[in-house]
Amino acid sequence: MTPTITAFERSPDGGKGLARDMRVRWALEEVGQPYEVRYVSFAAMKQPAHRGRNPFGQIPTYEDGGLVLFESGAIIFHIAGRHAGLLPADADARARAIAWMFAAVSTVEPPILEFASAWLFESPQSWAAERMPMLEERVHVRLRDLSARLGEAEWLDGNFSAGDLMMVHVLQRLAPSGMLAKHPSLAAYVARAEARPAYRRAFAAQYAVNAAA
Ligand code: GTB
């Protein structure tokens, strides 16, 4: 059965890969699984039909037969569990790759989201200029540690995995800020991932829809 995912009818970034359906498209491309996309407007996301897929009224979601999933990390974990290519066969290596998936969403992403939200929405506030350096430094702390662990390696733990996929997409959220450039090994890590054919196909698919809108 061909799975169906949901994505923004019109992505606020114009389809430049920042919305989280990109993670799911990318994972599906990595494993060679064709998929269909149901495009939803902001209004439709909050309607009962979509809340049945995601109680928080958000994208992405994933449907396959009777299975309906939300949360990009859970969706990627599900895809990686059912197809070869995103998680190692060796049990210990698999556990480490899964740890990187969690690290991406629960250790690295929170300060990035805090920073990105402040940058986008709080700048008119009188206190914003005082708060931003603190938020920026919290991001740099994580990036320095991640960069130290990555070292000269191509990927976080052996071959490219779902852990890299999640981490790269989390880091890409910093692209508009230019902060990643201060960590050249991470910038190169992201660029390596973006050069993957599966990433390029996923990006092109998301971009095409938004360019046509
Ligand atoms: N934890 C959930 C997951 O990982 O699946 C978070 C899902 C989520 O944040 N979804 C966002 C959403 O549906 C889209 S991805 N927002 C609509 C709403 O809440 O009403 C976040 C996102 C949106 C837009 C950009 N952008 O344009 O740059 C980047 C990221």
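Residues numbered from 1 in each chain as written. Predicted model: local features only at pLDDT ≥ 70, side-chain atom pairs only at ≥ 80, totals over all residues. Heavy atoms only, no water.

## Quick look at the pattern of salt bridges
Part 1: Considering all chains together, one arrives at twelve salt bridges under this definition.
Part 2: With a closest N to O distance of 2.8 Å, Glu29 and Arg201 form a salt bridge. With Glu29 in helix α1 (residues 21–31) and Arg201 in helix α9 (residues 197–212), this residue pair connects regions lying 172 residues apart in the sequence.
Part 3: Members of the salt-bridge network, linked through shared partners, are Arg20, Arg23 and Glu109. (Salt bridge = Lys/Arg side-chain N within 4 Å of Asp/Glu carboxyl O. Helix = DSSP H or I, 4+ residues; strand = E, 2+ residues; numbered from the N terminus.)

## Remarks on the packing of aromatic side chains
Given two aromatic rings, one states the distance between the centres and the angle between the planes to describe the pair.
Part 1: Across all of its chains, the model carries nine aromatic pairs by this definition.
Part 2: Geometrically, the ring pair formed by Trp26 and Tyr199 is edge-to-face, given 4.9 Å between the ring centres and 85° between the ring planes. Here Trp26, found in helix α1, pairs with Tyr199, found in helix α9; they are 173 residues apart in sequence, far enough to count as distant. Pair check on accessibility: Trp26 and Tyr199 agree, each one buried.
Part 3: We note Arg192 situated over the ring of Trp155; from NZ or CZ to the ring centre the distance is 5.7 Å.
Part 4: Directly above the ring of Phe160 sits Arg196, whose terminal nitrogen or CZ lies 3.7 Å from the centroid. (Phe/Tyr/Trp six-rings, centres within 6.5 Å; stacked < 30°, edge-to-face > 60°. Buried < 20%, exposed > 50% of the residue type's maximum accessible area, 1.4 Å probe, protein only. Lys NZ or Arg CZ within 6 Å of the ring centre and 35° of its normal.)

## Comments concerning the site of the ligand
Part 1: Taken together, the neighbourhood of the ligand is formed by 16 residues, with Arg20, Lys46, Ile59, Glu71 and Ser72 sitting nearest.
Part 2: With respect to the ligand, the side chain of Arg20 contributes an N or O atom lying 2.7 Å from an oxygen atom.
Part 3: In the model, an oxygen atom of the ligand is placed 2.7 Å from a nitrogen or oxygen of the Lys46 side chain.
Part 4: Here the ligand has 680 Å² of accessible area as a free molecule, and 80% of this is covered by the chains.
Part 5: Class assignment of the residues belonging to the shell around the ligand gives a composition of eight nonpolar, two polar and six charged. (Near = heavy atom within 4 Å. Polar contact = N/O pair within 3.5 Å; in protein donor to acceptor, adjacent residues only side chain to side chain. Areas by Shrake-Rupley, 256 points an atom, 1.4 Å probe, with all protein chains shown as cover. Nonpolar A, V, L, I, M, F, W, Y, C, P; charged D, E, K, R; others polar.)

## Topic: the side chain of Ser72
Part 1: On the secondary structure map, Ser72 appears in helix α4 (residues 72–82).
Part 2: The class of Ser72 is buried, set by a relative accessible area of 5%.
Part 3: For Ser72, the contacting residues outside a window of four places in its chain are Arg20, Arg23, Pro60 and Met166. (Contact = heavy atoms within 4.5 Å.)

## A short note on the pairing of strand β4 (residues 67–70)
Part 1: In terms of strand pairing, strand β3 (residues 61–64) meets β4 through four bridges, oriented antiparallel. Within β4, the position partnered with Glu63 by the bridge is Val68.
Part 2: The turn joining β3 and β4, which pair antiparallel and follow one another in sequence, is formed by two residues; a positive phi near 60° is taken by Gly65. (Pairing = 2+ DSSP bridges.)

## Remarks on unusual backbone geometry
Part 1: Look at the link from Ile59 to Pro60: it is a cis peptide, with omega at 0°.
Part 2: Summarising the element assignment, Pro60 is placed in the loop between α3 (48–51) and β3.

## Considerations on the packing of helix α7 (residues 162–172) against helix α8 (residues 184–194)
Part 1: Following both chains from N to C, one finds α7 and α8 inclined at 115°, their axes separated by 10 Å at the closest point. Handedness of the crossing formed by α7 with α8: left-handed. From α7, Asp164, Met167, Val168, Leu171 and Gln172 reach across to α8, where they touch Tyr189, Val190, Ala193 and Glu194.
Part 2: Across the contact of α7 with α8, the residue classes tally to six nonpolar, one polar and two charged. (Axes fitted to C-alpha atoms, helices over the stretch in contact; angles between N-to-C directions. Left-handed = near helix turned anticlockwise from the far one by under 90°.)

## Some details on the domain arrangement of the protein chain
Part 1: For the protein chain, the assigned domains read domain 1 (4–85 + 198–212) and domain 2 (91–196).
Part 2: Centre-to-centre, using C-alpha coordinates, domain 1 lies 21 Å away from domain 2.
Part 3: Domain 1 puts 19 residues into the contact, and the matching count from domain 2 is 20 residues.
Part 4: A buried area of about 1,600 Å², summed over both sides, lies between domain 1 and domain 2, and 62% of it is on carbon and sulfur atoms.
Part 5: Where domain 1 touches domain 2, the interface holds three salt bridges.
Part 6: The salt bridge partner of Glu30 is Arg196, with a shortest N-O separation of 2.8 Å. (Domains from an automatic or database assignment. Buried area = accessible area lost by both parts, 1.4 Å probe.)

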